[in-house]
Amino acid sequence: MKCKVEKSKISGQIICPANKSYTHRAIFLASLAGKNSEVKNFLHSADTTATIEACKKFGAEMIIENSSIIVKNPIKFDKIVPEINTENSGTTIRIASGVASLFSEEITLTGDSSLQKRPMQPLLDALSSIGAQCNSTDGKPPIKIKGKISGGDVKIPGNFSSQFISALLISAPLTEKGINLTIEGNLVSKPYLDATIATMRKFGVSVQTLIPYKRYNITPQRYKEATFTVPIDFSSLALLLSSTVLNGDEITIKGNIGNLPQGDEVFIDILEQLGVTVMINEEEIKIKSPEKLTGGKFDLSNSPDLLPPLAILALKSSAPIEIVNVKHARLKETDRIAIIARELVKLGINIQEKEDGLILESSENLKGAELNSENDHRLFMSFCIAGMYIGDCTVSDPESVNVSFPNFIEEMNRIGGKIQVD
């Protein structure tokens, strides 16, 4: 499937989706706690549905009502678990792998063709070092895990994905010994680790930070009943803000901002550095954009999901936008660096691709084009936003938005966008 995207002017109000990362973590932790734990304002999406289904396979019993999930009974570690298919969700399969290592019987975890290209070996090695038996043909899904891990000292590299560390932290308090965790090298996406620890704290488990982003100690504990309200998703907010910058200032973005850590909050600072005025309170955000952005150099090592919404802002920038330290974006649903470089050049942007980022410079010869998002939700949405700025574009794979922002097309069209699904 493809979308036809015409030049658009948007205005009005739009609601930002709930945070996908916090939804994943809260569902897993509520499922480990049970006793009527509740997750409010959760994101309904393909990825979070994968987490719900994984927790059900693990034995959790839950009731879903509107935007809330109530877990009546927790995960049952003596259950025989059939194969768990986590579809396209990397967060789901990684955290679920940690949970699977707490079971005595072997569990198979797999996903779709895209997920089967994503690395798992560092996490499998870490789980093996504390008692799990892990098997995979090439360090990628499908994988087989047989516990039960006992805990103890464990090391894991930090340069692949913070999701590996989150999986170990979430499982750690339920081990016999607890875990002394050492992160080797430089940890990427640090705020996602902060999000995991903050969510664990809400469910009554403490994590002792010995050296931030390097060493942690988690003693044996039990997750406690809690009610967790998911804040807005700053990754999705970044897309809405980029669309507002490019396609119309008269937008009010509504949603519960919350006070939980989110690495993608840095997008507000990035916009201000580019010359955008941002007005924000607890329930809404508005901006005022200049005629041309100022350009600049931006380190996205802790916020790789900002790569697509930042890259498209080069369309309106009077100077180059340089994005650095985001090599791990090549290990997302797709190689986002390579695809952005390949596709945005079709629009007339001059692009220099580097191993760990991009330099993007607009030109006087911007034009519409056929853009291939490679079934990547964040690339599809970013390319549509770019198409709304330029006009006469087509963008492939509209169904990909189900991963994080299922009603993206409808919401864009409601406020003036011209996106037609063929």
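Description of the structure in this document. Please read all numbers here as calculations on a predicted model, not as lab measurements.

**Some thoughts on the sheet that holds strand β16 (residues 277–280)**
Read from one edge of the open sheet, 4 strands run β2-β15-β17-β16, paired in mixed fashion. The open sheet terminates on both sides in strands that have one partner only, identified here as β2 (12–15) and β16. Averaged over all adjacent pairs, the angle separating strand axes in this sheet is 25°, with direction ignored. Examined bridge by bridge, strand β15 (residues 251–254) and strand β17 (residues 284–288) share 2 bridges and lie antiparallel to one another. Counted as the bridge partner of Lys-254 is Glu-284 from β17.

**Some thoughts on the sheet that holds strand β1 (residues 2–6)**
Strand order in the open sheet formed by 4 strands is β22-β23-β1-β24, and the pairing between neighbours is mixed. Each end of this open sheet is capped by a strand with a single partner; those strands are β22 (370–371) and β24 (418–421).

**Quick look at the pattern of salt bridges**
Counted by the stated rule, this structure contains 20 salt bridges. Between Glu-6 and Lys-4 there is a salt bridge, and its shortest N-O distance comes to 3.8 Å. We classify Glu-6 as partly exposed; its relative accessible area is 32%. Where Lys-76 meets Glu-61, a salt bridge forms, and the shortest distance between an N and an O atom there is 3.2 Å. Of this pair, Lys-76 sits in the loop between β5 (68–73) and β6 (84–85) while Glu-61 sits in strand β4 (residues 61–65), placing them 15 residues apart in sequence.

**A word on empty space enclosed by the protein**
By rolling a water-sized probe across the atoms, one finds the places where empty space is left. Inspection of every chain in the model, using the stated rule, returns 1 cavity of 30 Å³ or more. Within this model, the largest cavity holds a volume of roughly 450 Å³. In terms of lining residues, the largest cavity is bounded by 38 residues, among which Thr-91, Gln-163, Tyr-192, Asp-305 and Lys-332 are the most central. When residues of the lining of the largest cavity are traced back to their parent elements, those giving at least two are α1 (20–33), α3 (90–100), α5 (162–171), α6 (190–202) and α11 (377–390).

**Considering the packing of aromatic side chains**
The relation between two aromatic rings is expressed through the spacing of the ring centres and the mutual angle of the planes. Summed over the entire model, instances satisfying the criterion amount to 5 aromatic pairs. The interplanar angle of 20° and the centroid separation of 6.3 Å between the aromatic rings of Phe-203 and Phe-228 together place this pair among those described as stacked. Of the two residues, Phe-203 sits in the loop between α6 and β12 (208–211) while Phe-228 sits in strand β14 (residues 227–229), which places them 25 residues apart along the sequence. On the accessibility criterion, Phe-203 (0% relative accessible area) is buried. By the ring-pair criterion, three or more aromatic residues cluster together here, those being Tyr-22, Phe-203 and Phe-228. The ring of Tyr-389 carries the charged tip of Lys-7 above its face, separated from the ring centre by 5.4 Å. When the ring centre of Tyr-213 is taken as origin, the NZ or CZ atom of Lys-190, which lies over that ring, is 5.8 Å away.

The rules behind these values
- Residues numbered from 1 in each chain as written.
- Predicted model: local features only at pLDDT ≥ 70, side-chain atom pairs only at ≥ 80, totals over all residues.
- Heavy atoms only, no water.
- Pairing = 2+ DSSP bridges.
- Helix = DSSP H or I, 4+ residues; strand = E, 2+ residues; numbered from the N terminus.
- Axes fitted to C-alpha atoms, helices over the stretch in contact; angles between N-to-C directions.
- Salt bridge = Lys/Arg side-chain N within 4 Å of Asp/Glu carboxyl O.
- Buried < 20%, exposed > 50% of the residue type's maximum accessible area, 1.4 Å probe, protein only.
- 1 Å grid on protein atoms, 1.4 Å probe; cavity = no way out; pocket = protein on both sides within 12 Å on 5 of 7 lines; lining within 4 Å.
- Points joined across faces, edges and corners; volume = space filled by probe spheres on them.
- Phe/Tyr/Trp six-rings, centres within 6.5 Å; stacked < 30°, edge-to-face > 60°.
- Lys NZ or Arg CZ within 6 Å of the ring centre and 35° of its normal.

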